[in-house]
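# Architecture and fold: a report
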Amino acid sequence: MSKTIFLLNGPNLNLLGFREPEIYGHETLADVEARCMEHAEMLGVTLECRQSNHEGVLVDWIQEARGKADAIILNAGAYTHTSIAIHDALKAYDGYKMELHISDPKQREAFRHISYVELASDGLIAGKGVDGYILALDTVMEKIA
Ligand code: CA2
């Protein structure tokens, strides 16, 4: 039975490649998602890529993953550091949960040091640039194989 992974990106990640390339690189979100889709095909896994700027939409998608996806890879953007709603939705999800960041928030401003996502996740990849997305797919596949 083929596995399904939800790749969810949160607020402002639709701006990837257009601003702050020194932190987030030059690739757009469309580039990153295309790379992930290609990699997922190679791994033989179904990948569903979505992005929203809205906290409640991300909560809805995490709830939707219950019974539909074997794992969630989540870059919750700034909601990582603020959202107990996303934390609670992740807690209610039984599959594997990987927190993902392009930069390493722990090496940045103090307000990025707390992660409500981390407290509800099974793994964390941060500070690897957009290559972290591919690394996350490989790691998650090992966990759900
Ligand atoms: O490093 C990451 O992946 C972050 O999740 C990115 C979030 C930030 O709030 C987190 O602390 C760490 C910000 C996403 C904003 O993305 C932009 C991309 C290009 C230009 C401007 C913002």
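Below is a short write-up of the structure. (Residues numbered from 1 in each chain as written. Predicted model: local features only at pLDDT ≥ 70, side-chain atom pairs only at ≥ 80, totals over all residues. Heavy atoms only, no water.)

Let's shift gears to the packing of aromatic side chains. If you walk through the whole model with that rule in mind, you get zero aromatic pairs. The ring of Phe-6 has Arg-50 sitting right over it, with the charged end atom 4.9 Å from the ring centre. (Phe/Tyr/Trp six-rings, centres within 6.5 Å; stacked < 30°, edge-to-face > 60°. Lys NZ or Arg CZ within 6 Å of the ring centre and 35° of its normal.)

Moving on, we get to the site of the ligand. Taken together, the neighbourhood of the ligand is formed by 16 residues, with Asn-75, His-81, Ile-102, Ser-103 and Arg-112 sitting nearest. Contacts to the ligand include Arg-112, whose side-chain N or O atom sits 2.9 Å from an oxygen atom. For the ligand, whose free accessible area comes to 510 Å², the fraction covered by protein is 95%. Put simply, the ligand lies in the largest pocket. A per-class count over the shell around the ligand returns seven nonpolar, six polar and three charged. (Near = heavy atom within 4 Å. Polar contact = N/O pair within 3.5 Å; in protein donor to acceptor, adjacent residues only side chain to side chain. Areas by Shrake-Rupley, 256 points an atom, 1.4 Å probe, with all protein chains shown as cover. 1 Å grid on protein atoms, 1.4 Å probe; cavity = no way out; pocket = protein on both sides within 12 Å on 5 of 7 lines; lining within 4 Å. Sits in = over half its atoms within 2 Å of the grid points. Nonpolar A, V, L, I, M, F, W, Y, C, P; charged D, E, K, R; others polar.)

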